[in-house]
Amino acid sequence: MSSRSGSGRHSITIITHEDPIGRGPANYMIRADLSDRQDGWREQLWTRQLTEDRFEVTCLPFFTYGICYLDVVTIDSNHLVTSVVQKSGHRTLRVALVGEHQDRDQLHELLHGKVVEAALPHEWLQGTYLSVDLPPGTDPAALAETLRAPSQAGALHWEIDA
């Protein structure tokens, strides 16, 4: 994450993707406004420009709800997402490891191994947040089963977004 001063009363925090799955030489950066959950927060989204005002998302959003890999969005003059105009059918499984939990490092390794074994595209943010692409037709039951016990133990939080 990075911060910079905004033109208003508070600073803007930009959540950036360390290694987006669709990184390419022609990527175009846009932002999703997260201030409904955390004042001044934005998530940087990697995209591929389709037309002057339409962009295909080429990363896995960590905090932006309702936008998944390969969805098509529009933006305003500030490069902030205004709407999703075409859904791709992909879903995003998100996991947030509890940083202070004693099993955090072991859970990171376990989850990383599971998504690699399942051959699912994924991104990590600061080793704590995991976003996994669930292409159309993907059954997340095996991953959900892996997450169930650590979630009940308070070691992580998870959700699936479409």
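Values in this document were obtained by computation on a predicted structure and should not be read as measured data.

### Comments concerning the pattern of salt bridges
This model, assessed by the stated rule, comprises 7 salt bridges. Asp-33 is paired through a salt bridge with Arg-42; the nearest N and O atoms lie 3.0 Å apart. With its nearest N and O atoms 3.2 Å apart, the salt bridge here joins Asp-161 to Arg-94. Here the residue Asp-161 occupies a position in strand β11 (residues 156-161), and Arg-94 occupies one in strand β8 (residues 91-97), the gap between them amounting to 67 residues. What makes Arg-94 buried here is its relative accessible area of 4%. It is possible to trace a salt-bridge network through shared partners that takes in Arg-94, Glu-159 and Asp-161.

### Some words on the environment of Thr-92
Secondary-structure assignment places Thr-92 in strand β8. Using a relative accessible area of 0% as the deciding quantity, one classes Thr-92 as buried. Sequence separation between Thr-92 and Pro-61 is 31 residues; the distance between their C-alpha atoms is 7.8 Å. The residues touching Thr-92, leaving out its near neighbours within four places in the chain, are Pro-61, Ile-67, Cys-68, Ser-131, Val-132, Glu-159, Ile-160 and Asp-161.

### What about the packing of aromatic side chains?
Counted under the stated rule, the structure contains 3 aromatic pairs. Judged by centre distance (6.4 Å) and plane angle (50°), the ring pair of Phe-62 and Phe-63 falls under tilted. One exposure class covers both Phe-62 and Phe-63, and it is buried. Pairwise contacts between aromatic rings join Phe-62, Phe-63 and Tyr-129 into one cluster.

### Focus on helix α1 (residues 104-117)
Think of an α-helix as turning once every 3.6 residues; residues three or four places apart then point the same way. Relative to the 20 Å expected for 14 residues at 1.5 Å per residue, α1 spans 20 Å between its end C-alpha atoms, a close match to the ideal helical length. Taken together, the buried positions of α1 are occupied by Arg-104, Leu-107, His-108, Leu-111 and Val-115. For α1, the arc enclosing every buried residue in end-on projection is 105°, short of the 170-degree limit, so these residues lie on one face. Seen from the buried face of α1, the exposed residues on the opposite side, beyond 90 degrees, are Asp-105, Gln-106, Glu-109 and Glu-117. Tucked into the core, α1 has its buried residues touching β8, β9 (122-125), β10 (129-134), α2 (141-152) and β11.

About the criteria used
- Residues numbered from 1 in each chain as written.
- Predicted model: local features only at pLDDT ≥ 70, side-chain atom pairs only at ≥ 80, totals over all residues.
- Heavy atoms only, no water.
- Salt bridge = Lys/Arg side-chain N within 4 Å of Asp/Glu carboxyl O.
- Helix = DSSP H or I, 4+ residues; strand = E, 2+ residues; numbered from the N terminus.
- Buried < 20%, exposed > 50% of the residue type's maximum accessible area, 1.4 Å probe, protein only.
- Contact = heavy atoms within 4.5 Å.
- Phe/Tyr/Trp six-rings, centres within 6.5 Å; stacked < 30°, edge-to-face > 60°.
- Expected span 1.5 Å × (residues − 1).
- Arc of directions from axis to C-beta.

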